[in-house]
Amino acid sequence: QVQLVESGGGLVQAGGSLRLSCAASGRTFSTYAMGWFRQAPGKEREFVAVITWSGSNTNYADAVKGRFTISRDNPKNTVYLQMNSLKAEDTAVYYCASRAYSGTYYYNSQLAYHYWGQGTQVTVSS
């Protein structure tokens, strides 16, 4: 089992920045990749970014490319999401997710991930 705890959410004005953190504990040695997803009110959960745990490969949703940066600190078992130039449409609950192995599902699918955090609210005021 892997436990994930997100932090760093809050209220920020449009154009501002926030950094989300996701601390992992438990069987973290079996982690293949870590991802961030978000869910806005009335919308489905969507992929934001992913980073492999060992290779530092990253991928981003088009909506955040160039504004968000995902990174990891392996000794701390922590993944970060630096969010710059925030827009009102970035308002959502942000979830951290852990992928234990490379399976059938593509990295931007929720089904590819095995463990989830409880989420942290990000609100961007315009």
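This report concerns the structure included in the present document. (Residues numbered from 1 in each chain as written. Predicted model: local features only at pLDDT ≥ 70, side-chain atom pairs only at ≥ 80, totals over all residues. Heavy atoms only, no water.)

Another aspect to go through is the nonpolar core. Trp36, Leu81, Met83 and Tyr94 are the most contacted members of the largest nonpolar core, which totals 35 residues. At five residues, strand 5 (residues 46-52) tops the list of elements feeding residues into this core. In this structure Met83 touches Gly16, Ser17, Leu18, Leu20, Arg67, Phe68, Tyr94 and Val122, once residues within four positions along its chain are discounted. (Core = buried A, V, L, I, M, F, W, Y, C linked by side-chain atoms within 4.5 Å. Buried < 20%, exposed > 50% of the residue type's maximum accessible area, 1.4 Å probe, protein only. Helix = DSSP H or I, 4+ residues; strand = E, 2+ residues; numbered from the N terminus. Contact = heavy atoms within 4.5 Å.)

The strand order 1-3-8-7 describes an open sheet built from four strands, whose pairing is antiparallel. Every other strand in the sheet has two partners, leaving strand 1 (2-7) and strand 7 (68-73) as the edge strands with one partner each. Between one strand and the next, the sheet's axes are offset by a mean angle of 15 degrees, whatever the strand orientation. In this sheet, strand 8 (residues 78-83) lies alongside strand 7 in antiparallel orientation, the contact comprising six bridges. If you follow Phe68 over to strand 8, its bridge partner there is Met83. (Pairing = 2+ DSSP bridges. Axes fitted to C-alpha atoms, helices over the stretch in contact; angles between N-to-C directions.)

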